[in-house]
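# Summary of the model geometry
Next come the chains, spelled out residue by residue.
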Amino acid sequence: EELARCVGVSRTYGQGTAAVVAVHSLDCAVRPASRVALTGRSGSGKSTLVHLLAGLDQPTTGEVSWPGLGGAPTGRPGVVGVVFQGPSLLAPLDVAENVALPLLLAGVRPADADARAGDALRRAGVADLAGKLPEELSGGQAQRVAVARVLASAPRLILADEPTGQLDAAHRDEVVTLLIEAAEELRAGLIIATHDARVADRLPQRWIMDDGRLQEVRQAC
Ligand code: ADP
Ligand code: ADP
């Protein structure tokens, strides 16, 4: 069953003459084994679509549903995992605590949460950073930790919004590899929003946004 589905979804920011239609009458289906590069110019609506699919934002009209996930992911940690472009780690917590926090919020016992966080950090190749504070990390390290945090909560769908936007080439490739490996391991769907063709080329499916519309959905060759 589809992990997520959009039917006639629009999202407008602002009112009246100042209104911006960020996503326009959009239909899409996220299948369980999706490996989608969501591409398109800056301002084309990629980030808005990611937020809608994550349940972090609501459509102005139309419907987003999650038939294969037992309903909206909102308030249910471990269903949809999201990686953003910039720093998303909580500054006062060390890396291990950041990775364990969503599990604790989901009601996992502290000892189990710590164990799962440690395991996720190892799988993401950043176990040595466990005791560091976010401010001590490079951009690439911080993104690997963000992926570890997703791994720890074992979601069925992984969404990433320009996860490599602030990284150099080597770290860019590393983080994309890690996201693809995480999706394989968790048997999760994966959607990466990116305007970087070198990132998009790593994924077999392409959704192209243009001015709020999903212009083209194809299998990359
Ligand atoms: P990107 O192109 O990488 O998505 P943007 O500069 O478009 O980055 O957006 C960065 C952040 O600012 C996003 O959270 C977006 O929702 C918000 N944003 C973008 N445009 C506006 C705007 N006109 N008014 C208020 N917030 C905006
Ligand atoms: P992308 O991720 O492709 O850069 P976005 O979804 O961030 O696109 O933005 C789509 C359009 O919506 C842009 O015109 C942007 O300026 C506008 N927008 C995004 N977020 C906001 C916001 N919070 N308030 C007002 N306008 C916004």
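The sections below set out a description of the structure shown in this document. Fair warning: this is a prediction, and the values are worked out from it, not measured in the lab.

## Quick look at the site of ligand 2
- What surrounds ligand 2 is the set Y13, V20, A22, R41, S42, G43, S44, G45, K46, S47 and T48.
- Backbone polar atom of G45 to an oxygen atom of ligand 2: 3.0 Å apart, as the coordinates give it.
- Considering ligand 2 on its own, with 560 Å² of exposed area, one finds that the protein chains cover 57% of that surface.
- Counting residues per element, the ones that place at least two in the shell around ligand 2 are β2 (20-30) and α1 (46-53).
- Top element by residues in the shell around ligand 2 is α1. It accounts for 3 residues.

## Focus on the pattern of salt bridges
- Scanning the model with the defined rule gives 15 salt bridges in all.
- Across the pair E2 and R31 runs a salt bridge, and its minimum N-O distance is 3.9 Å. With E2 in the segment before β1 (4-13) and R31 in the loop between β2 and β3 (35-39), this pair connects stretches of sequence that are 29 residues apart.
- Between E185 and R123 there is a salt bridge whose closest N-O contact spans 2.2 Å. You can see E185 sitting in helix α5 (residues 169-186) and its partner R123 sitting in helix α3 (residues 110-123), a full 62 residues away along the chain.
- Taken together, the shared-partner salt bridges in this structure form one network comprising D119, R122, R123 and E185.

## A word on the site of ligand 1
- Around ligand 1 sit S42, S47 and Q85, and that is every residue in its neighbourhood.
- For ligand 1, an oxygen atom lies 3.1 Å from a polar atom in the side chain of S42.
- Contact with the protein chains covers 24% of the free accessible surface of ligand 1, which is 550 Å².

## A closer look at the environment of G70
- Examined against the element boundaries, G70 turns out to sit in the loop between β4 (61-65) and β5 (80-83).
- Overall, G70 belongs to the exposed group, its relative accessible area being 66%.
- Here the alpha-carbon distance between G70 and V145, two residues 75 residues apart in the chain, equals 28 Å.

## Focus on the sheet that holds β1
- The antiparallel open sheet is built from 3 strands, whose spatial order is β2-β1-β4. Two strands bound the open sheet, and with one partner strand each, they are β2 and β4. When the angles between neighbouring strand axes are averaged without regard to direction, this sheet yields 25°.
- For β1 and β2, the ladder comprises 7 bridges, and the chain directions are antiparallel. Residue T12 lies in a different strand from β2, and its bridge partner there is V21.

About the criteria used
- Residues numbered from 1 in each chain as written.
- Chains lettered and ligands numbered in written order.
- Predicted model: local features only at pLDDT ≥ 70, side-chain atom pairs only at ≥ 80, totals over all residues.
- Heavy atoms only, no water.
- Near = heavy atom within 4 Å.
- Polar contact = N/O pair within 3.5 Å; in protein donor to acceptor, adjacent residues only side chain to side chain.
- Areas by Shrake-Rupley, 256 points an atom, 1.4 Å probe, with all protein chains shown as cover.
- Helix = DSSP H or I, 4+ residues; strand = E, 2+ residues; numbered from the N terminus.
- Salt bridge = Lys/Arg side-chain N within 4 Å of Asp/Glu carboxyl O.
- Buried < 20%, exposed > 50% of the residue type's maximum accessible area, 1.4 Å probe, protein only.
- Pairing = 2+ DSSP bridges.
- Axes fitted to C-alpha atoms, helices over the stretch in contact; angles between N-to-C directions.

Keep in mind these numbers describe shape, not what the thing actually does.
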